[in-house]
Amino acid sequence: SGLVHMVGGMGAIVGAIIVGPRTGRWDPSKESDFEGHSVPFCVLGTFFLWFGWYGFNPGSTLSMHTKDSANLAGIVAVNTTLSPC
């Protein structure tokens, strides 16, 4: 888990360095014109993460070849759904 998160973090920082800051973000004369976020993109990103959690969390049971393991994956999916509440 630590290795996965370290590689993801390093990839994100390298990508941020390569892409650089947004145009006009640090220009004081354009400060009032800058919009900080996009609500539709925030919602879309949330759905992407949510979809990924449903693949990762129930998939972490590593098997669904018996009735008991499939039931466990179902419980994990329910917990994934209810955890933000």
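Scoring rules and cut-offs
Every chain is numbered independently, its residues counted from 1 as its sequence is written. Owing to the predicted nature of the model, reporting of local features is limited to residues with pLDDT of at least 70; listing and counting of side-chain atom pairs is limited to 80 or more, with chain, interface and lining totals taken over all residues. To get the side-chain values, all heavy atoms of the structure are used, and hydrogens and water are removed first. The patches reported here contain residues having more than 30% relative accessible area and no salt bridge. Joining distances are 9 Å for like charges and 5 Å for nonpolar side chains (Val, Leu, Ile, Met, Phe, Trp, Tyr). Using the Shrake-Rupley algorithm and a 1.4 Å probe, accessible areas are obtained, with residue cover drawn only from the displayed protein chains. What counts as a salt bridge is simple: a side-chain nitrogen of Lys or Arg found within 4 Å of a carboxyl oxygen of Asp or Glu. A run of DSSP states H or I qualifies as a helix once it reaches four residues; a run of E qualifies as a strand once it reaches two. Both are numbered from the N-terminal end. For every residue, the accessible area obtained with a 1.4 Å probe (protein chains only) is divided by the maximum for its type, and the residue is called buried under 20%, exposed over 50%, and partly exposed between those limits. N or O atoms closer than or at 3.5 Å make up a polar contact, with two conditions inside protein: a donor-capable atom paired with an acceptor-capable one, and, for residues adjacent in sequence, both atoms drawn from side chains. Pairing of aromatic side chains requires ring centres within 6.5 Å, counting the rings of Phe and Tyr and the six-membered ring of Trp. Pairs whose planes differ by under 30 degrees are stacked, by over 60 edge-to-face, and all others tilted. Here a helix's expected span is defined as the number of its residues, less one, multiplied by 1.5 Å. Axis definition: a line fitted to C-alpha atoms, over the contacting stretch in the case of helices. Angles run 0 to 180 degrees between N-to-C directions. Small angles under 35 degrees read as roughly parallel and large ones over 145 as roughly antiparallel, with 65 to 115 read as roughly perpendicular and the rest as oblique. Should the near helix be turned anticlockwise from the far one by less than a right angle, the crossing is left-handed, and should it be turned clockwise, the crossing is right-handed. Contact criterion: two residues are considered in contact whenever any of their non-hydrogen atoms come within 4.5 Å of each other.

(A) Broad picture of a nonpolar patch on the surface. A contiguous nonpolar patch, built from Leu3, Met6, Val7, Met10, Ile13, Val14, Ile17, Ile18 and Val19 and spanning about 990 Å² of accessible area, is present on the exposed surface. Mapping Val19 onto the fold places it in helix α1 (residues 2-19). Assessed through its relative accessible area of 69%, Val19 is described here as exposed.

(B) A look at the environment of Ser83. Mapping Ser83 onto the fold places it in the segment after α3 (67-82). Classification of Ser83 by relative accessible area gives exposed; the value is 57%. Along the backbone, Ser83 and Asp68 are 15 residues apart, and their C-alpha atoms lie at a distance of 22 Å. Within the structure, Ser83 has its side chain in polar contact with the backbone oxygen of Thr80 (distance 3.2 Å).

(C) Structural context of the packing of aromatic side chains. Under the counting rule described, the total for this entry stands at 2 aromatic pairs. For the ring pair Phe47 and Trp50, a centre distance of 6.1 Å and an interplane angle of 20 degrees mean the geometry is stacked. Of this pair, Phe47 and Trp50 are both found in helix α2 (residues 39-59), 3 residues apart, which corresponds to roughly one turn of the helix. Exposure remark for Phe47: the relative accessible area of 47% places this residue in the partly exposed category. Note on Trp50 and Tyr54: the rings are 5.9 Å apart at their centroids and 45 degrees apart in plane angle, and the pair reads as tilted. On the criterion of helical spacing, the pair formed by Trp50 and Tyr54 is a turn pair, its members being 4 residues apart in helix α2. An aromatic cluster of at least three residues, connected via ring pairs, comprises Phe47, Trp50 and Tyr54.

(D) Focus on α1. With 18 residues, α1 should cover 26 Å at 1.5 Å per step; its first-to-last C-alpha distance of 26 Å lies within 8% of that length. α1 sits mainly on the outside: 0 of its 18 residues count as buried. Phi turns positive one or two residues past the end of α1, at Gly20, with a value near 80 degrees.

(E) Seen up close, the packing of α2 against α3. Interaxial distance between α2 and α3 falls to 8 Å at its minimum, and their mutual angle equals 140 degrees. Judged by the angle between their axes, α2 and α3 are oblique. α3 is crossed by α2, and the crossing has right-handed handedness. Residues Trp53, Tyr54, Asn57 and Pro58 of α2 lie in contact with α3, whose contacting residues are Ala73, Val76, Ala77, Thr80 and Thr81.

Function-wise, these values are silent; they only describe arrangement.
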